[in-house]
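The lines below spell out each chain.
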Amino acid sequence: MKNHEKPTAKTDDLQHETINQQGKTFTTNTGVPVNDSHNTLKLGERGPSLIEDFIFREKLAHFDRERIPERVVHARASGAHGVFRLTKDMSQYSSADFLNGVGKETPVFVRLSTVAGFRGSTDLPRDVRGFSVKFYTQQGNFDLVGNNIPVFFIQDAMKFPDVVHAVKPEQDNQMPQAASAHDTFWDFVSLSPETAHMIMWTMSDRAIPRSLRMMEGFGVHTFKLVNKEGKAHFVKFHWKPVLGVHSVAWDEAQKISGKNSDFHREDLWQAIEDGDFPEWDFGVQIIPQEDEHKFDFDILDPTKLIPEELVPVEIIGRMTLTKNPTNFFAEVEQSAFHPGNIVPGIDFSDDPLLQGRLFSYSDTQMYRLGVNHQQLPINRPLEQVQNTLREGASQHFIHKGKASYTPNSTGGGCPFLAMATQGGFVSHGERVDAHKVRARSKSFLDHYSQAKLFYNSQAEYEQQHIKDALSFELSKVKTPEIRERVVQMLTNIDLDLAQYVAKKLGIDEPKEAKPVENFVRNADETAEDAASVIKEPSVSKSEALSMANTAKDTMKSRKIAVFISDGFDRKSFDKVKSAIEKEGGKCATVAPMLGMIKADDGSEIENKEFTYFNSASVLFDALYVIGGEKNVKFLLNEKNASEFANDAFKHCKAIGYDADAQKFIDKTIIKNDEAILKDDLENFLNAVKKHRYWEREKTL
Ligand code: HDD
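Rules used in this analysis
Residues numbered from 1 in each chain as written. Predicted model: local features only at pLDDT ≥ 70, side-chain atom pairs only at ≥ 80, totals over all residues. Heavy atoms only, no water. UniProt positions renumbered as here; feature names shortened; annotations may be inferred. Helix = DSSP H or I, 4+ residues; strand = E, 2+ residues; numbered from the N terminus. Buried < 20%, exposed > 50% of the residue type's maximum accessible area, 1.4 Å probe, protein only. Areas by Shrake-Rupley, 256 points an atom, 1.4 Å probe, with all protein chains shown as cover. Lys, Arg positive; Asp, Glu negative; His and termini not counted. Charge placed at Lys NZ, Arg CZ, Asp CG, Glu CD. Polar contact = N/O pair within 3.5 Å; in protein donor to acceptor, adjacent residues only side chain to side chain. Patch = residues over 30% accessible without salt bridge, like charges linked within 9 Å, V, L, I, M, F, W, Y side chains within 5 Å. Salt bridge = Lys/Arg side-chain N within 4 Å of Asp/Glu carboxyl O. Donors = N, O, S within 2.8 Å, 3.2 Å for Na, K, Ca; no water. Contact = heavy atoms within 4.5 Å. Expected span 1.5 Å × (residues − 1). Pairing = 2+ DSSP bridges. Phe/Tyr/Trp six-rings, centres within 6.5 Å; stacked < 30°, edge-to-face > 60°. Arc of directions from axis to C-beta.

Under an unreviewed UniProt entry, the name given to the protein chain is Catalase, and the organism recorded is Cruoricaptor ignavus. Annotation of the protein chain in UniProt includes, under Cofactor (unreviewed entry), the sentence "heme".

Along the backbone of the protein chain there are 19 helices and 18 strands. Overall, the protein chain is about 90 × 85 × 60 Å in size when its C-alpha atoms are taken along their principal axes. Burial status across the protein chain gives 53% buried among its 700 residues. When the accessible area of the protein chain is evaluated, it comes to approximately 33200 Å², of which 52% is carbon and sulfur surface. In the protein chain, 87 positive and 102 negative side-chain charges are present, and the distance between their average locations comes to 3 Å.

What follows covers the UniProt feature "binding site: heme" (unreviewed entry) in the protein chain. The UniProt record annotates "binding site: heme" (unreviewed entry) at R71, R111, F160, R357, Y361 and R368. By relative accessible area, R111 is classed as buried at 3%. For R111, the side chain forms a polar contact with the main-chain oxygen of H74, separated by 2.9 Å. Topologically, R368 is positioned in helix α9 (residues 352-369). Look at R368 and you get buried, because its relative accessible area is 4%.

Taken together, the side chains of F56, L60 and F63 present a nonpolar region at the surface, about 290 Å² in accessible area. Secondary-structure assignment places F56 in helix α2 (residues 54-64). With relative accessibility at 39%, the residue F56 sits in the partly exposed group.

Moving on, we come to the coordination of the iron atom of the ligand. On the protein, Y361 (OH) is the one donor atom to the iron atom of the ligand, at 1.8 Å. In this structure, Y361 sits in helix α9.

With that settled, the discussion passes to the side chain of T322. Checked against the element boundaries, T322 lands in strand β9 (residues 314-323). In this structure the side chain of T322 is engaged in a polar contact, spanning 3.4 Å, whose partner is the backbone oxygen of K6. With sequence-adjacent residues up to four places away left out, T322 is seen in contact with E5, K6, H81, G82, I272 and F277.

We now examine helix α12 (residues 480-491). The end-to-end C-alpha distance of α12 is 17 Å, a good match for the 16 Å that 12 residues give at a rise of 1.5 Å each. With 9 of its 12 residues buried, α12 lies for the most part within the structure. Of the positions making up α12, those classed as buried are I482, R483, R485, V486, V487, Q488, M489, L490 and T491. Packed against the buried residues of α12 are α4 (183-190), α5 (196-202), α11 (460-475) and α13 (495-505).

With respect to the secondary-structure elements, M214 resides in the loop between α5 and β5 (217-218). In this structure M214 comes out as buried when scored by relative accessible area, which is 1%. Each C-alpha atom, one on M214 and one on N148, is 10.0 Å from the other, the two residues being 66 residues apart in sequence. Setting aside residues no more than four positions away along its own chain, M214 makes contact with P241, L243, G244, V245, H246, S557 and R558.

A few words now on the sheet that holds strand β12 (residues 586-591). Think of a sheet as strands paired side by side through backbone hydrogen bonds, with each pair either parallel or antiparallel. Spatially, β15-β12-β11-β16-β17-β18 is the arrangement adopted by the 6 strands of the open sheet, whose pairing is parallel. Because the sheet does not close on itself, it has two edges, and the strands there are β15 (610-611) and β18 (676-678).

Note on aromatic pairs: each is described by the distance of the centres and the angle between the planes. Scanning the entire structure with this criterion turns up 32 aromatic pairs. Both rings, one in F84 and one in W239, keep their centres 6.3 Å apart while their planes meet at 85°; by these two values the pair is edge-to-face. With F84 in strand β1 (residues 77-86) and W239 in strand β7 (residues 232-241), this residue pair connects regions lying 155 residues apart in the sequence. Just as F84 is buried, W239 falls in that class too.

Because each turn of an α-helix spans 3.6 residues, side chains separated by three or four positions in sequence point in the same direction. Considered for burial, the residues of helix α16 (residues 629-637) that qualify are N631, V632 and L635. Buried positions in α16, seen along its axis, are confined to an arc of 95° and lie on one side of it. In α16, the exposed positions that point more than 90 degrees away from the buried face belong to E629, K630, K633 and N637. Elements that come into contact with the buried residues of α16 comprise β11 (559-563), β16 (622-625), α17 (639-650) and α18 (662-668).

In structure tokens:
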């Protein structure tokens, strides 16, 4: 355990499997000491290798099998250990032990992922982010396998392979990697109006987070909480980041992918290494069962959210990530999440997307990791598992006795079944009286009202970003009919939006909203049903949907690049550095080289990491240009410094500078505005806290 890390019951459990090879002798997998792991056994120094070389055979055979199938979606991810602390007792609603008793702490393992890209793809594609949390509770593991977006592309799990095939690289040429900007994805969208709401989210800046620490998480589906008396309430789960929800600019995201494709992974890792533990508040929206049909949308429809204006989010706990994995493969890659992993006190709803997921995840884990994947250290629950399941590949346990069945007398009837009163899991006794049908509920037909709600809730600059993202994505679509169908679909969300995008694509501007006709409907759907698809949202705006309303009062997590070179103003540098650090920000010098840089007073500081040739503005949140005659002269001739400052300007970052660096600013910055601050450290820091000055975009 490193000094800054905080152990949990789960990380203690993992200690039993953690291997320290310091001072140990090299052995084969059978424990035989090895004296040479560099040369094969040969007939003579220049002769052929011998097949009897068991040391070579073992080394290569293991290497040949090092890769396991990557996840079909969510392949790329970062993970961390942490703890969930309950701040509000929920026993009124749920018997789940981790929701009972204020102050109760439950270890967690969290995996945050992109969706479409392969394992080795970039952290910053325009994409949904996965938000998986495994709670190691006293009653077994509860997995909340959500996303950073509260709704989904489709309403029924039957369509999942289709939406995934459509967004993944195209089957003929495996292009493009980790991008939705291509024909097959938008073809699927244009023929599936149920995607309309999700598309607004993925085209918004939510799909390009500044940091994994700055994104929300959602359980997406409606679940149930069930209390000791068996009474159920519907529930939606939320994670709200303490640092606020922030994003980068799209141009910036594309550049980050080139400059540092591990941008998010590194940020999360470093924050935990530095003891800046990422935190999220855990919230619930609780809906009494009798209110199930109270809304003008169906709470079982995963393309709908419940506006916080209708049901407020109540904060009931906080999650803190306190430890990085020791070994990425053993912990992050082998972690197996499954929405079907629930505990007493929690139950599923009949959401048809959720119901389908309950099959897919355990199935995929069996394929990736095998039938005994729950025995892997990262997946096993805190308490020893007791049942009659036996054998299978890689069985780790040695079960005593004869009883591998129940009921038994050979094992004294053990393991005993747990009565409901002893915490045994009992499914909520919902009564369902219906015919078997392969159909979609008519209550799922409204595809546009919440897409409108989302778009209308955005600040002006956020709406512009959605317009730009759609224009960008569709401009990469080669088939004109697909582009036209999407524009037609957009008319049902916002006519101005559709017209803007049409213009960018060189398509005739639509004059009115027009339903998309040529998509696959349910067989029994009538014309009236189709007309009911287009309606206004009952809530016209929802504050929680706009990132403009998020926390903007902290320097924590902000990384500020400070330009220096020989002759920099030492006094100013010390002042800027201590002001940034005092408020919890990070100050990183950028200089012409690594090593010692001489200040105007003859003193020196060490430049440890960033130079004008190895870094870029997109890796920082803000820029400060230090003065000093010789330094400014250098900067005026360093074209990477000008490009750096230009990008900081273009991406709406705060820029501060000493009065004598004015010439550099005049040369590089096109226009002055309120986030460009001369000799005004206080307001510079305030601008950095706000994260971005998006207003600047109007002047670009
Ligand atoms: Fe899924 C992985 C989230 C619908 C089938 N999904 C996966 C992961 C997340 C989600 C976060 C990564 C788990 C990890 O970290 O290892 N998926 C969602 C959400 C959905 C959703 C929020 C809708 C609300 N998924 C969904 C459906 C199906 C799947 C409808 C299939 C019927 N998802 C899978 C999968 C994956 C997966 C193929 C790939 C790797 C894995 O499960 O472990 O089974």
